[in-house]
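Architecture at a glance
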Amino acid sequence: MPAYWIGHVTISNPTAYEAYRQANAIAFAKYGARFLVRGGSQEVVEGVVRPRTVVIEFPDLKAAQDCYHSPEYQAAKAKRDGVSLADLCIVEGYE
């Protein structure tokens, strides 16, 4: 069953954030990630969310968790820290 990263992000430095986007591709390729949502227009109809929403699909929950904790992703994340704020959850899909 697939699993997903669901993230809500506020970017304070778009130029520096681009380095994170380029670096995260290594981990995402290794763990079979596929972007379903990557920014784009959004309408908040209830509650409060950050300006950018990202949904990434993984083959299964273990791949999603392993990707987040991998050295490759943590190296990419280090480029994101300080130039953005994010709320991120890993959630198992539904059959």
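Residues numbered from 1 in each chain as written. Predicted model: local features only at pLDDT ≥ 70, side-chain atom pairs only at ≥ 80, totals over all residues. Heavy atoms only, no water.

With that settled, consider the nonpolar core. In terms of nonpolar packing, the biggest core is built from 18 residues, with Trp-5, Phe-28, Ile-56, Phe-58, Cys-67 and Tyr-73 touching the most fellow members. The set of elements that each furnish at least two residues to this core consists of β1 (3-11), α1 (14-30), β3 (52-58), α2 (61-69) and α3 (71-80). Looking at which element gives the most residues to this core, the answer is α1, with five residues. Once residues lying within four places of it in the same chain are set aside, the contact partners of Ile-56 are Ala-3, Tyr-4, Trp-5, Phe-28, Ala-33, Arg-34 and Phe-35. (Core = buried A, V, L, I, M, F, W, Y, C linked by side-chain atoms within 4.5 Å. Buried < 20%, exposed > 50% of the residue type's maximum accessible area, 1.4 Å probe, protein only. Helix = DSSP H or I, 4+ residues; strand = E, 2+ residues; numbered from the N terminus. Contact = heavy atoms within 4.5 Å.)

In this section: the side chain of Arg-80. With respect to the secondary-structure elements, Arg-80 resides in helix α3. For Arg-80, the residues in contact, after removing those within four places along its chain, are Tyr-17, Tyr-20, Tyr-73 and Ala-86.

Attention now goes to the environment of Ala-19. You can see Ala-19 is positioned in helix α1. Here Ala-19 falls in the partly exposed class, since its relative accessible area comes to 35%. Remark: the alpha-carbon pair of Ala-19 and Ala-76, spanning 57 residues in sequence, is separated by 8.1 Å.

Attention now moves to the sheet that holds strand β2 (residues 34-38). Strand order in the open sheet formed by four strands is β2-β3-β1-β4, and the pairing between neighbours is antiparallel. In the strand order of this sheet, the two ends are held by β2 and β4 (84-92), each with one partner. Strand after strand, the sheet turns through a mean of 15° between neighbouring axes, direction not considered. Pairing analysis gives seven bridges linking β1 to β3, with the strands arranged antiparallel. Of the residues in β3, the one forming a bridge with Val-9 is Arg-52. (Pairing = 2+ DSSP bridges. Axes fitted to C-alpha atoms, helices over the stretch in contact; angles between N-to-C directions.)

A few words now on the side chain of Lys-77. Here Lys-77 is to be found in helix α3. Those residues in contact with Lys-77 that sit more than four places away from it in its chain are Tyr-20 and Tyr-68.

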